[in-house]
Amino acid sequence: MRMQIMMRLSRDGAPAFGLLLLLVLSMLMLLGCIWPQPCNALYEDQVGMWDWYQQYIGKVTHAVFQTQGTGRKRVLVATDENVIASLNLRKGEIREHALGETESINALEIAAGKYAVTLSAGCNLRAWNLPDGTLIWETHLQTAASAVKLLILSTDINNDRTNDLLVVGGGLVQAISSVDGRLLWTADLADVGGGFLPQETSVADKEHKLYALGFVGSSKLGVAEIDLSTGAKTQYKEAELPEGFPISDLLAVGESVVALDLAGSSIVSGTFTGKEKITLELTPVSSIYHDVSGNAQLLSLKARGVFVISFKDEVIVVGVDSETGKLDLVEKFNQPIAISNTLALSDEKQAIALVQHMDSDQTILLRVIITDGWKDEIAKDVIKLEPQRGLLQTIFLNSYTRTDKSHGFRALVVAEDDSLSLLQQGEVVWSREDGLASILDARMAELPLERAGVSVAQVEHSLEEWLKGHVLRLKSTLMLASAEDVVALQAVRLKNAEKTKMTRDHNGFRKLIILLTKSGKLFALHSGDGHVVWSLLIPALRSEHRTPKPEPVKLLPWRKPHQHALDDSPVFLVVGRLGPGPNAPGVLSWVDAYSGRELHSLKLTYPIKQVLPLPILDSLEQRLHLFVDGETNVHLFPNTAESLSLFNNQSQNVYFYDVNKDEGVIKGFRITDHIEDFVFSTRLLWSVVFPSDSEAIATTATRNSDEVVHTQAKVLGDRNVLFKYLNKNIVFVTTVAPGPSSKVGLAAPEDSWLVAYLIDTITGQVLHRVTHQDVQGPVHAVLSENWVIYHYFNLRAHRYELTVMEFYDNSRAETKGVLQYIIGRHNASAPFSSYTYPNIDVKSQSYFFTSSVKKMAVTMTARGITSRQLLIGTNCDQVLALDKRFLDPRRSINPTAMEREEGILPLTDGLPIYPQSYVTHSYRLEGLRGILSVPARLESPSLVFAYGLDLFYTRLAPSRTYDSLTEDFSYALLLITMIVLVVAIGVSWVMSKRKELADKWK
């Protein structure tokens, strides 16, 4: 792992030492020993002033409490984002944060009291040190099954005084030492019976045996008995299933087996221990519970004598007689409930937690019940949760000993919005918004305008704080501040109420960051410090009583009020699907950006293949959108007569394209006929088919529709002009040689290549094509203004490369010269047609780059005057800001005087990477998946938000802040200076008059 160090400068160093150091550096520069290089730095007291960083872990799927001993109390969790983390039980803070590779975590356990053991990808078994999260040992198992289980045995197999591990899956049972990960024995169950495949296991600690249960074909139930000491298969027996009993679910309930048919209408049960033969009994579900609604589903509690049957709207708890296997109804619930894992209170007593939602989703009833007999309720609490959590889905139960030696309970709960909360003694101890680790889309919105009547005291909370802040700034500027004053000044800066106000500022720095997560929840974060302004679990995407669960897809700006609108608020459109897969019908939800309230929603009868925002606004400032369905018809929204009239005026100019990576084809369409109401048909205009035997589409890139270009020409050092090719209807496409996906650098150079295309999406013309031999993906690209930059791996050089291409329009070259361009002989805004083949001049250059890339973006500014920076998400999960000047294709080894006047740098084979260029400083954004850049109202800054598992926000100034004062500018010092100058002028005037009068008396 490469660590990036943030440069921090001290503002209160010794003046004498600073002067001496400056003198020495000046002498070395004059002697030619060193030469200064431009770099960016950050003062120590500026850290956190306009950036913030937040850590999240994702939806928790496994949790184990570590509360024994005198050490710190924690809970170890594993999430669906392949994260292993240790959370402090007091506040929920992340103590350790370890990210695994791209492999799902199957199980998490604590072994030997000091190791966290994880099983991932079905075959990778690892042990992590509990205090610091370091890797102790790693074992690669033979099995790679998805349905694999990890068991912590209560016995010591190899006499090393620690309980060992058991992994079951793929027809294999493997015993592993928890001390060093050594494989102790392997039992292959494939040769036990013809086609026997174990699905459930049951451990009998007293008998030192393991029972593996599974089906043999579709007509038999098999049970294999294994000696835990040696792994020997001591017994195997089978039982015939009832005729015509299709298999669905199988559970081991203590010493009994329970199986459910596919229709969910009948259950087979029996006892598999203590008898030579297994006797199965068929029981209709309706005989257990008469009011059956919907298909049944078995849920395992890992408890002795009970299991759960879940229906569409109801849940029942069923008891199993250990002698006969007979089933009895224990308890019923008329609503969905969440059930915890089984917690052992003693050798003979087990407890389980149940959570029921009461009148609303916010109030829950938490009950802890002894599973034996299902009668003793040892804890019962009514708890009020935070709003917009949804239904609780998963519970992890833990116990502790109170001062009176009785049992107390704490529960870690995962809600529908993927949030994580700890409940204890009827209260929410802490809560984490871990759904923010799975962001699908991100946008920014303006805050409302500030109303009249807001005073300084209201802005800074109190006049005393306002005066204190300015006094501390003045003392710091005059170098009179003590160490305590410096700490107090930093605290004032970080807690500045100005940056967290809920109104718009004149510089455009304060914004709302709107985030759509995988759970269907919408968040609004304040850009000042990242706190949650509001959150909404979108009702149209709720999962209660719906199977399958709706899926969110995209977040789009629906309405952007004009700059001075006081009463209108921005509206965002959430696009989703009513089920998994691209062919599921779509669902739309409109949400107010200021209140977080869903305005209305709409379920569609057709799937949404593509969303096309149009540059057309109606009288309510709503942007018109087209939704492309599965038959390539387009549907117009909003469904109003005004929008239909506006669209009809421009429908002949609406074109769109579709990229099908699987088939290797790009198709272009045009709107044709009005079918009905707000539905239009389309016609295929062109298609570009890439040869499937030699090319596969790797990536595509288009220009940002909101991008602002300041000038359409580049003035050269010799005063000639190059006109940029600024066609918004172009797409950049890269294809790579198809074949089996392999790791970077392992493919043969002669079998690998990359082809880059620039295609006009109106006509389908290939405007430019270039082939790179001996290179390999993955490919990342970004298209902005008239240039494109893409990243790939060079197999010959064994290094990564960045290639830049700039496009210039030679058809406008007859109007050369700056003077003609200024006086208007060339109309820069003259329209052009895509059907006229352009004369494009392409300038390109390639540079070596030091690392692989996850994401690429470009800084955006208000008017496009400021130089752009390339934002690169590196493989070390950091964001690098690289000046576009380093990626100028016109760079040469020895630039001429005119080229140096333009600012062209000397050519080097690689790109310089300075530690200070990492905008994320020393932070790592685990699982980086997106970078968003939006302009402020000022021209110099650009607001950048990066997200993955973690979130980071900052403010960049690619050309420095030339149009604003710094945040720590001392207005008090300026006022004192002005007063001193005025007093000095007055004193000087009086002294001058007196001197003049004295001279006259001489």
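Residues numbered from 1 in each chain as written. Predicted model: local features only at pLDDT ≥ 70, side-chain atom pairs only at ≥ 80, totals over all residues. Heavy atoms only, no water.

**Q** How should the overall build of the chain be read in this particular structure?
**A** Of the regular secondary structure elements, the chain holds nine helices and 66 strands. Here the chain, with 1002 residues, has 50% of them falling under the buried criterion. Of the contacts formed within the chain by residues at least 6 apart in sequence, a portion of 51% connects residues at least 24 apart. For the chain, the accessible surface area stands at approximately 47800 Å², while carbon and sulfur atoms represent 53% of it. (Helix = DSSP H or I, 4+ residues; strand = E, 2+ residues; numbered from the N terminus. Buried < 20%, exposed > 50% of the residue type's maximum accessible area, 1.4 Å probe, protein only. Contact = heavy atoms within 4.5 Å. Areas by Shrake-Rupley, 256 points an atom, 1.4 Å probe, with all protein chains shown as cover.)

**Q** Can you walk me through a negative patch on the surface in this structure?
**A** A surface patch of negative charge is lined by Asp205, Glu207, Glu255, Asp321, Glu323 and Asp328. The topology assignment puts Asp205 in the loop between strand S16 (196–204) and strand S17 (209–216). (Patch = residues over 30% accessible without salt bridge, like charges linked within 9 Å, V, L, I, M, F, W, Y side chains within 5 Å. Salt bridge = Lys/Arg side-chain N within 4 Å of Asp/Glu carboxyl O. Lys, Arg positive; Asp, Glu negative; His and termini not counted. Charge placed at Lys NZ, Arg CZ, Asp CG, Glu CD.)

**Q** So what exactly am I meant to see when it comes to the side chain of Thr734 here?
**A** Along the chain, Thr734 falls in strand S54 (residues 730–736). Classification of Thr734 as buried rests on a relative accessible area of 0%. Residues in contact with Thr734, not counting those within four places in the same chain, are Ala696, Ile697, Ala698, Thr699, Val755, Ala756 and Val779.

**Q** Can you walk me through the pattern of salt bridges in this structure?
**A** Pairing is possible between side chains that carry opposite charge, provided their charged atoms lie close to one another. Evaluation of the coordinates by the stated rule reveals 38 salt bridges. Across the salt bridge formed by Lys149 and Glu200, the nearest N and O atoms sit 2.8 Å from each other. Taken together, the residues Lys149 in strand S12 (residues 149–152) and Glu200 in strand S16 connect sequence positions 51 residues apart. Given a relative accessible area of 25%, Lys149 falls into the partly exposed group. Here Asp441 ties to Arg443 by a salt bridge, and the two come within 4.0 Å at their closest N and O atoms. Judged by its relative accessible area of 12%, Asp441 falls in the buried class. Within the structure, one salt-bridge network assembled from shared partners comprises Glu386, Arg389, Asp417, Glu433 and Lys521.

**Q** Quick question: what am I supposed to make of the side chain of Thr861 here?
**A** Among the structural elements, Thr861 can be located in the loop between strand S61 (853–858) and strand S62 (869–874). Residue class for Thr861 comes out buried when judged on its relative accessible area of 4%. Side-chain polar atoms of Thr861 contact the backbone nitrogen of Gly864, separated by 3.3 Å. Side chain to side chain, Thr861 and Glu939 meet in a polar contact 3.0 Å long. Residues contacting Thr861, with those up to four places away along its chain left out, are Thr866, Arg868, Pro935, Glu939, Ser940, Pro941 and Ser942. (Polar contact = N/O pair within 3.5 Å; in protein donor to acceptor, adjacent residues only side chain to side chain.)

**Q** Would you mind going over the sheet that holds strand S37 (residues 439–446) with me for this structure?
**A** Sheets are built from strands that pair by backbone hydrogen bonding, the pairs being arranged parallel or antiparallel. Taken in spatial order, the four strands line up as S37-S38-S39-S40 in an open sheet, and their pairing is antiparallel. At either end of the open sheet lies a strand with only one pairing partner, and these are S37 and strand S40 (532–537). Sheet twist, expressed as the average angle between the axes of neighbouring strands with direction ignored, equals 15°. Where S37 and strand S38 (residues 511–517) come together, seven bridges link them in antiparallel fashion. Bridging from a neighbouring strand, Ala445 pairs with Leu512 of S38. (Pairing = 2+ DSSP bridges. Axes fitted to C-alpha atoms, helices over the stretch in contact; angles between N-to-C directions.)

**Q** Quick question: what am I supposed to make of the packing of aromatic side chains here?
**A** Any aromatic ring pair is given by two values, namely how distant the centres are and how the planes are angled relative to each other. With the rule as written, the count across this model stands at 16 aromatic pairs. Aromatic pair Tyr790 and Tyr792: ring centres 5.8 Å apart, planes at 35°, arrangement tilted. Exposure remark for Tyr790: the relative accessible area of 0% places this residue in the buried category. Ring pairs connect the aromatic residues Trp52, Phe945, Tyr947 and Tyr953, which therefore count as one cluster. Positioned over the ring face of Phe848 is Arg799, at 4.2 Å from the centre of the ring. (Phe/Tyr/Trp six-rings, centres within 6.5 Å; stacked < 30°, edge-to-face > 60°. Lys NZ or Arg CZ within 6 Å of the ring centre and 35° of its normal.)

**Q** What is the right way to read the nonpolar core from this model?
**A** Val77, Leu412, Leu515, Phe945 and Leu951 are the most contacted members of the largest nonpolar core, which has 39 residues in total. When near neighbours in sequence (up to four residues on either side) are disregarded, Val77 contacts Ile57, Val60, His62, Ala63, Val83, Ile84, Ala85, Leu87, Leu108 and Leu412. (Core = buried A, V, L, I, M, F, W, Y, C linked by side-chain atoms within 4.5 Å.)

**Q** Explanation requested: a nonpolar patch on the surface in the structure shown.
**A** There is a patch of nonpolar side chains on the surface, built from Leu975, Ile979, Val983, Val987 and Met991 and spanning about 470 Å² of accessible area. With respect to the secondary-structure elements, Val983 resides in helix H9 (residues 971–1001).

**Q** How should I be thinking about the pairing of strand S65 (residues 942–947) in this particular structure?
**A** Consecutive side chains of a regular strand alternate in pointing toward one face of the sheet and then the other. Counted residue by residue, S65 has six buried out of six residues, so it is predominantly covered. One ladder, built from six bridges, connects strand S64 (residues 930–935) with S65; its direction is antiparallel. Paired with Leu932 across the bridge in S65 is Phe945. Counted between consecutive antiparallel strands, the loop separating S64 from S65 contains six residues.

**Q** Where do I start with the environment of Ala411 in this structure?
**A** By the element assignment, Ala411 lies in strand S34 (residues 407–415). Spatially, the C-alpha atom of Ala411 lies 6.4 Å from that of Ile395, the residues being 16 residues apart in sequence. Leaving out residues up to four positions away in the same chain, Ala411 has contacts with Leu366, Ile395, Phe396, Ser421, Leu422 and Leu423.

**Q** It is not clear to me how the confidence of the model for the chain should be interpreted in this structure. Could you clarify?
**A** Low pLDDT marks stretches whose predicted atomic positions should not be read closely. When the pLDDT values of the chain are averaged, the result is 83; 86% of them are 70 or greater. Between residues 1–40, whose pLDDT stays under 50, and residues either more than four places distant or in other chains, the model counts 40 contacts. Contacts of residues 453–461 to residues separated by more than four positions or lying in other chains number 15 contacts, the stretch itself having pLDDT below 50. (pLDDT = per-residue confidence, 0-100.)

**Q** What is the right way to look at unusual backbone geometry in this model?
**A** A negative phi angle is the norm for most residues apart from glycine, just as the trans form is the norm for most peptide bonds. Of note, the amide linkage connecting Phe637 to Pro638 takes the cis form, showing an omega dihedral of 0°. Each neighbour pair has its own omega, and for Gly777 with Pro778 the value is 5°, a cis peptide bond. Along the polypeptide, Pro778 turns up in strand S57 (residues 775–784). Not every positive phi belongs to a glycine, and Gln388 is a case in point at roughly 60°. Summarising the element assignment, Gln388 is placed in the loop between strand S32 (377–384) and strand S33 (392–401).

**Q** Got a minute to help me understand the environment of Ala442 in this structure?
**A** Secondary-structure assignment places Ala442 in strand S37. Separated by 82 residues in sequence, Ala442 and Ala524 place their C-alpha atoms 9.9 Å apart.

**Q** How do you make sense of helix H6 (residues 641–650) when you look at a structure like this?
**A** Given 3.6 residues to a turn, an α-helix orients residues that are three or four positions apart in the same direction. The set of residues buried in H6 consists of Ser643, Leu644 and Phe647. Angularly, the buried residues of H6 cover 100° about the axis, an arc narrow enough to put them on a single face. Turned more than 90 degrees away from the buried face of H6, the exposed residues are Ala641 and Asn649. Elements in contact with the buried residues of H6: strand S45 (610–617), strand S46 (623–628), strand S47 (634–637), strand S49 (665–676) and strand S50 (679–689). (Arc of directions from axis to C-beta.)

**Q** Is there a simple way to think about the environment of Ala748 in this case?
**A** Mapped onto the fold, Ala748 is located in the loop between S54 and strand S55 (753–760). Its relative accessible area of 27% is what places Ala748 among the partly exposed residues. Spatially, the C-alpha atoms of Ala748 and Gln776 are 9.5 Å apart, while their sequence positions differ by 28 residues.

**Q** So what exactly am I meant to see when it comes to the sheet that holds strand S26 (residues 315–320) here?
**A** With antiparallel pairing, four strands are arranged side by side in an open sheet as S24-S25-S26-S27. Bordering the open sheet on either side are strand S24 (297–299) and strand S27 (327–333), each of which pairs with just one other strand. Neighbour-to-neighbour, the strand axes of the sheet open up by a mean angle of 30°, direction not taken into account. Bridging between strand S25 (residues 306–310) and S26 involves five bridges; their strand directions are antiparallel. The residue bridging Phe307 from the neighbouring strand is Val318, located in S26.

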